[in-house]
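# An overview of the molecular structure
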Amino acid sequence: MQTAAALSLNWPSAIVGLLCSFLVALFIVLTKKWHGRLTLDAPQGIQKFHTIPTPRIGGIALAVGFIAAWSFLPVGSDRQQLLGLLLLGALPAFAFGLAEDITKRVSVKARLLATIASGLIAAMLTGYWVSFVNVPGIDMLLALAPIGLVFTAFAVGGIANSVNIVDGFNGLAGGVVVLMLLTLATIAWRVDDFVVIQLALLGVAVTLGFLFINYPKGHLFLGDAGAYFLGYYVAMLAVMLAMRNPAEVSPWAMLLVCGYPLIETLFSVYRRTTRKRSHNPGTPDASHLHSLVYRRVVNRKLLPYAPAWQRNAATSPLMWLYAAVPMLGAVFWPESLGMVLVWLVFSIVAYVRLYRRMLVLGVFFRRRASQN
């Protein structure tokens, strides 16, 4: 009864958040001829897989959805107060991301610093920051508030940027965020943390409102503002869940929740800096795992003759399957540092093997093309 009562309080705000997110996203698409000069994302570019100019300001729909949902939460409740503080903390990341979506001139460094600033502000406002990681010595440092706050800020900034990196196909980043939020809600349910459950499910509802327009045909993109906002939101909920339940939830399990975007980001930095011609880690390229899966599995094998939007959309479910792999470890062993680390290694190995398989397929297709 207690669980049912706690969850029932979330439905009005969740429904309002979903509807507002959906309606604003639809409005943006229907009015793109008015604002398209500023908001359209051209199909030409290294990481472009769409065929027509598309608005990339889906973050606005998400922001409106969250604000509307916040206004329908019980006044003065813990979840309303925490959501309000999280929305305030998101302002730097959202603002710099939206500026990039419109001007295309905001540097990677500036956007990274903005997401770090959002993490710092949110940690200070909510009072939740990483104060331990179950590693002797490091825990002594993190127990000092300034160090814990800075560590949290960089962690949140890193996750926010990692979600932006996997935002390459219709529904990919949004679907991954929904999976991460559902994973957090599941772990929170196991430890009876009803506040995190409701905030996570609220995030799912608002994100789904956007996804109804974004997937499968990609009428609207998240953009940097949307990706940063969702990544930041997931990261802060992960911090809150671990810090509110220190005996039952390991901070390392929260790393698994965000496993796919983080592994993709770290591997991208590694391969860009270890090439014979090293590249700036922040420079975009078309060698992410999702890009290779699109070109070598979807294009070549699954849907070679399908319309472009179908091939684009078909890539995301394949990546959602891998994204769920590290999350399973967090669900099954949220309190076990040993099992979490084993599953993290397993997830990394699975990623590397899958990536190498994509490279082998690329060599095979090139050889076959040359023979023909």
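Report follows, based on the coordinates. No experiment lies behind these values; they were computed from the predicted model shown. (Residues numbered from 1 in each chain as written. Predicted model: local features only at pLDDT ≥ 70, side-chain atom pairs only at ≥ 80, totals over all residues. Heavy atoms only, no water.)

## A short note on the packing of aromatic side chains
In the structure shown here, the tally under the stated rule is 15 aromatic pairs. Between Phe-332 and Trp-333, the ring centres sit 5.8 Å apart and the planes meet at 65°, which makes this aromatic pair edge-to-face. A residue is classified by how much of its surface remains accessible, and Trp-333, at 24% relative accessible area, is partly exposed. With a centroid separation of 5.5 Å and 55° between ring planes, the pair formed by Trp-333 and Trp-343 is classed as tilted. Taken together, the residues span a long stretch of sequence, with Trp-333 in the loop between helix H16 (308-332) and helix H17 (337-371) and Trp-343 in helix H17 at a distance of 10 residues. Within the aromatic cluster, the residues linked to one another by ring pairs are Tyr-260, Phe-267, Tyr-270, Tyr-322, Tyr-351 and Tyr-355. (Phe/Tyr/Trp six-rings, centres within 6.5 Å; stacked < 30°, edge-to-face > 60°. Buried < 20%, exposed > 50% of the residue type's maximum accessible area, 1.4 Å probe, protein only. Helix = DSSP H or I, 4+ residues; strand = E, 2+ residues; numbered from the N terminus.)

## Quick word on the packing of helix H6 (residues 91-103) against helix H12 (residues 223-244)
Closest axis-to-axis distance for the H6/H12 pair is 6 Å, and the angle between their directions is 155°. Here H6 lies roughly antiparallel to H12, going by the angle between them. H6 and H12 meet at a crossing whose hand is right-handed. Where H6 abuts H12, its residues Ala-93, Phe-94, Gly-97, Leu-98, Glu-100 and Asp-101 lie against Gly-223, Asp-224, Ala-225, Tyr-228 and Phe-229. (Axes fitted to C-alpha atoms, helices over the stretch in contact; angles between N-to-C directions. Parallel < 35°, antiparallel > 145°, perpendicular 65-115°, else oblique. Left-handed = near helix turned anticlockwise from the far one by under 90°. Contact = heavy atoms within 4.5 Å.)

## As for the pattern of salt bridges
Scanning all chains against the criterion turns up 5 salt bridges. Across the salt bridge formed by Arg-111 and Asp-224, the nearest N and O atoms sit 2.6 Å from each other. Note that Arg-111 is positioned in helix H7 (residues 108-126) and Asp-224 in helix H12, a separation of 113 residues in sequence. For Asp-224, a relative accessible area of 7% corresponds to the buried category. Ionic pairing is found between Arg-244 and Asp-193, a salt bridge with its closest N-O pair at 2.8 Å. Here Asp-193 lies in the loop between helix H10 (172-190) and helix H11 (194-214) and Arg-244 lies in helix H12, a separation of 51 residues in the sequence. Taking the relative accessible area as the measure of exposure, Asp-193 reaches 4% and is therefore buried. By sharing partners, the salt bridges in this structure join Asp-41, Arg-56, Asp-101, Arg-111 and Asp-224 into a single network. (Salt bridge = Lys/Arg side-chain N within 4 Å of Asp/Glu carboxyl O.)

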